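# Structural overview
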Amino acid sequence: MKGPSVRGREGMPGFKWWHGLILGLLLAYVPGSLLVGGVLLLPLVVLHFVDPDADRQRMMIVLFYLGAVMVHPLRAAWLAHGDWQTCVQQITQPMTLILDWMAVGVAWLVAEVSAIGARLWYADYSRRERRAIEKRINALREEWLETEKGSKA
């Protein structure tokens with residue numbers, strides 16, 4: 001029988017105790033930069049709730065696109081030493097927020113199109129393979145019928 005502490009952790013399979021320690025240290029040391037990173041990662045959280053069946057590969061594609069958008073705001077926050085005014089300014093810029101949300105949309109679109117493309121390519125490959133096998137079966141069938149006619153005569 002599982003104890004109550006083990007039962008409570010089953011809902012978060014990827015969360016470890018040291019994740020909380022690192023998050024607490026970051027919150028204490030660079031709260032402004034953590035605020036910028038947290039706000040810019042919100043579209044990822046929304047995507048996770050909208051598409052809960054998204055696999056790890058799709059999430060990595062989204063993280064790649066979000067990381068590209070997050071470089072400039074996080075660099076500006078870092079250069080300002082996590083100054084609250086700079087960090088709030090970075091997360092309230094409309095262009096940054098538009099790019100952030102569009103990055104998630106483009107990443108999702110790229111992931112979907114590549115998955116559909118892979119399925120179409122595999123279906124075409126399977127169709128060609130099936131035709132080759134059917135041709136081989138017909139050739140063997142004709143050869144068999146010819147040998148049967150030859151042995152009867």
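Note that the structure is a prediction, hence the values are computed from the model and not measured. (Residues numbered from 1 in each chain as written. Predicted model: local features only at pLDDT ≥ 70, side-chain atom pairs only at ≥ 80, totals over all residues. Heavy atoms only, no water.)

Right, let's get into unusual backbone geometry. You will see that His-81, though not glycine, has its phi angle at about 60 degrees, which is positive. Inspection of the secondary structure puts His-81 in the loop between α5 (56-79) and α6 (84-91). (Helix = DSSP H or I, 4+ residues; strand = E, 2+ residues; numbered from the N terminus.)

Within this structure's numbering, the places UniProt gives as "transmembrane region" (unreviewed entry) are residues 20-50, 62-81 and 101-122. The span residues 20-50 shows a helical share of 94% and a strand share of 0%, and its end C-alpha atoms are spaced 25 Å apart. Annotated as residues 101-122, this span is 100% helix and 0% strand, and its ends, taken at the C-alpha atoms, are 32 Å apart. (UniProt positions renumbered as here; feature names shortened; annotations may be inferred.)

Along the chain, Ser-33 falls in helix α3 (residues 31-40). Ignoring any residue separated from it by four or fewer positions in sequence, one finds Ser-33 in contact with Leu-74, Ala-77, Trp-78, Gly-82 and Cys-87. (Contact = heavy atoms within 4.5 Å.)

To continue, consider a nonpolar patch on the surface. A cluster of nonpolar side chains, namely Trp-17, Trp-18, Leu-21, Ile-22, Leu-25 and Leu-26, defines an oily patch on the protein surface of about 670 Å² accessible area. Within the element layout of this structure, Trp-17 appears in helix α2 (residues 17-29). For Trp-17, a relative accessible area of 67% gives the class exposed. (Patch = residues over 30% accessible without salt bridge, like charges linked within 9 Å, V, L, I, M, F, W, Y side chains within 5 Å. Areas by Shrake-Rupley, 256 points an atom, 1.4 Å probe, with all protein chains shown as cover. Salt bridge = Lys/Arg side-chain N within 4 Å of Asp/Glu carboxyl O. Buried < 20%, exposed > 50% of the residue type's maximum accessible area, 1.4 Å probe, protein only.)

With that settled, consider the packing of aromatic side chains. For any pair of aromatic rings, geometry is given as the distance between the ring centres together with the angle between the planes. With the rule as written, the count across this model stands at two aromatic pairs. Note on Phe-64 and Tyr-65: the rings are 5.9 Å apart at their centroids and 85 degrees apart in plane angle, and the pair reads as edge-to-face. Centroid distance Trp-121 to Tyr-125: 5.8 Å. Interplanar angle 15 degrees. Geometry classified as stacked. Of this pair, Trp-121 and Tyr-125 both sit in helix α7 (residues 94-152), four residues apart, which is roughly one turn of that helix. Owing to a relative accessible area of 55%, Trp-121 belongs among the exposed residues under this scheme. (Phe/Tyr/Trp six-rings, centres within 6.5 Å; stacked < 30°, edge-to-face > 60°.)

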